[in-house]
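Descriptive structure summary
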Amino acid sequence: MASKFQRRQKWWIKFRHPVTGQRIRESLDTGDEARAELLRQRLDLEVALLEPRFQAAEFPNAILLALGTGAARTEPVPAAVPPATAQPVSAAVAVPHKRATLDEALAAYLRYIAAQNAPHHVANKVSILRRFLGTERVEKAGGPVKTKRRRLGNDEVAPDPAPFFTGTHLDEITPALVQDFLEGTGLGRKTMRHYRELFHHFFEFCLKYNLYVPANWHRPNPIAALPSYVTRNQRITFLTEADANAQIAALAGEPAMQIAVQIMIQAGLRRAETLWLTRDSIAPDLSYLSVRNCCDKESDIESSLKTGERAVTILPPLREALRRYLPTLQGRWVVPNGSGRRWRPDCFSKHLRVLNKNAGLKWTCLPYRHTYATRRAAEGWSLFTIAKEMGNSAAVVEEYYAAYIRPAGISASFQGDVSNAGHVQDHAPLLEGFREALPRGNGSFE
């Protein structure tokens, strides 16, 4: 599809040649936007006619027969019929393409993700499909049986919600329908983006295995027409020194929960990485943590960490906390639940919310990780070092934490504290640095 853009008061057009694949940019030699749009539409039609794929335009049946594609057929002509009365080639009847059924594509997709993903990732994908198609339909197509049900009382089980889509064919799932589903679930934008990724992956699978014939070859995957649901200009939330001390003190009654929060605040680990830590993940001299993949043999689940394995430096405050905590630890997991097994992430967060609500606090796991990053940035750590410790890229760290990085003109001896808004509390060392940087002369700093 051709698109236009403006450069130095002239409109240009760019498109990709449908046969050679070469990217072409040419000037339209006009500054009138209306005329440029008409030229763009004309070029769009000409490019569509050059499209080599058969479904881009309806070819005459005579051409399809000459190519031997099998997309058209003719009725057999009896030998006794004179040639003049035989059915002409142009009257051939095209065989319509069979519409793909959703149940057939869903069964193939469930087998594919079960072979390609870890079990807990499969469960996450299937839960989204259950919400869209209904539990009964997904299980009938070969999905895992839902064993856990939300209970309303001792014996009463909450019914599953009604399926949002009850159609039969894949082409009935339109971008507008999926958008209505996503925006009607009441989910946050980040979760909506995860749902969108699943639907996009599902249609990519159907296209790859010829289970879906797109109606628009310029946008084969219909989910590509949906908004990206990317949250922009979102302010990060982190704890001040007083907030962190209050949070750690509120969990004094549960040492495992307390050490988990300290690890996230003082080492920058994600929630999943913290819950997968084992006793041998901690160096004997308490100098570093090893974030690595491992297996929970009791649940038969592999960790499948998001960004692979890395080593994280243990800073002095966390080292002291671990020195007090590890001798009391029994079992394999550094952060065990009440029965000594590994915490499930959602259960851990739910228990943390209950403890914080009782203490009048509102913090969750993500602000703990933000706290670590903002503190290291304010201390003057380089972007590369912070990214390496956190398991991120330097570009991600710069995007979120650039506002908390010490400017290059500040003296290295400056050690002012940083508040929640990122303001400097002690200005005296900064003023001294400015005085030293002033040129010698008659001017006065004051």
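Residue indices follow the written sequence of each chain, beginning from 1 at its first position. Local features in a predicted model are, by the rule used here, given only for residues with pLDDT of at least 70; side-chain atom pairs are given and counted only at 80 or more, and totals for whole chains, interfaces and linings are based on all residues. With hydrogens and water excluded, all non-hydrogen atoms of the structure serve as input to the side-chain values.

Observations regarding a positive patch on the surface
For clarity, the threshold we go by: Patches draw on residues past 30% relative accessible area with no salt bridge. Two like charges within 9 Å are joined, as are two nonpolar side chains (Val, Leu, Ile, Met, Phe, Trp, Tyr) within 5 Å. Areas reported here follow the Shrake-Rupley algorithm with a probe of radius 1.4 Å; residue values treat only the protein chains shown as occluding. The term salt bridge refers to a side-chain nitrogen of Lys or Arg lying within 4 Å of a carboxyl oxygen of Asp or Glu. When charges are counted, Lys and Arg are positive and Asp and Glu negative, with His and the chain ends excluded. To locate a charge, take NZ of a lysine, CZ of an arginine, CG of an aspartate or CD of a glutamate. Secondary structure is summarised from DSSP: a helix means a run of H or I of at least four residues, a strand means a run of E of at least two, and numbering begins at the N terminus for each.
On the surface, Arg7, Arg8, Lys14, Arg16, Arg23 and Arg25 cluster together to form a positively charged patch. Within the residue set of the positive patch, elements represented by two or more residues are strand S2 (10-16) and strand S3 (23-27). As for its placement among the helices and strands, Lys14 is situated in strand S2.

Some details on the packing of helix H13 (residues 365-378) against helix H14 (residues 383-390)
Rules: Here an angle of 0 to 180 degrees is reported between the N-to-C directions of two axes, which are lines fitted to C-alpha atoms, with helices fitted over the stretch in contact. Throughout, the term roughly parallel applies to angles under 35 degrees, roughly antiparallel to angles over 145, roughly perpendicular to angles from 65 to 115, and oblique to all others. Here a crossing is taken to be left-handed if its near helix is turned anticlockwise relative to the far helix by less than a right angle, and right-handed if that turn runs clockwise. Contacts are residue-level and defined by heavy atoms, with any inter-residue pair within 4.5 Å sufficient.
Taken N-terminus to C-terminus, the directions of H13 and H14 make an angle of 155°; their axes are 10 Å apart at the nearest point. Taken together, H13 and H14 sit at an angle that is classed as roughly antiparallel. In the packing of H13 onto H14, the handedness of the crossing is right-handed. Touching Arg369, Tyr372, Ala373, Arg376 and Ala377 of H13 are Ile386, Glu389 and Met390, all from H14.

Here we look at the sheet that holds S2
Stated formally: Think of it this way: DSSP has to see at least two bridges between two strands before they count as a pair.
The strand order S1-S2-S3 describes an open sheet built from three strands, whose pairing is antiparallel. Each of the sheet's edge strands pairs with one partner strand only, and the pair in question is strand S1 (3-7) and S3. For this sheet the average axis-to-axis angle between neighbouring strands, irrespective of direction, equals 25°. On the sheet, helix H1 (residues 33-49) packs against S1 and S2 and is oriented at approximately 15° with respect to S2.

Observations concerning the environment of Ile13
What counts is decided by this rule: Buried means the residue's accessible area, taken with a 1.4 Å probe over protein chains only, is under 20% of the maximum for its type, while exposed means over 50%, and partly exposed covers the values in between.
Mapped onto the elements, Ile13 comes out in strand S2. A relative accessible area of 2% places Ile13 in the buried class. For the pair Ile13 and Arg40, spaced 27 residues apart in sequence, the C-alpha separation works out to 7.1 Å. What Ile13 contacts, discounting residues up to four positions off in sequence, is Ala2, Ser3, Lys4, Phe5, Ile24, Arg25, Glu26, Leu28, Arg40 and Leu43.

Limitation: the analysis is restricted to geometry and does not speak to function.
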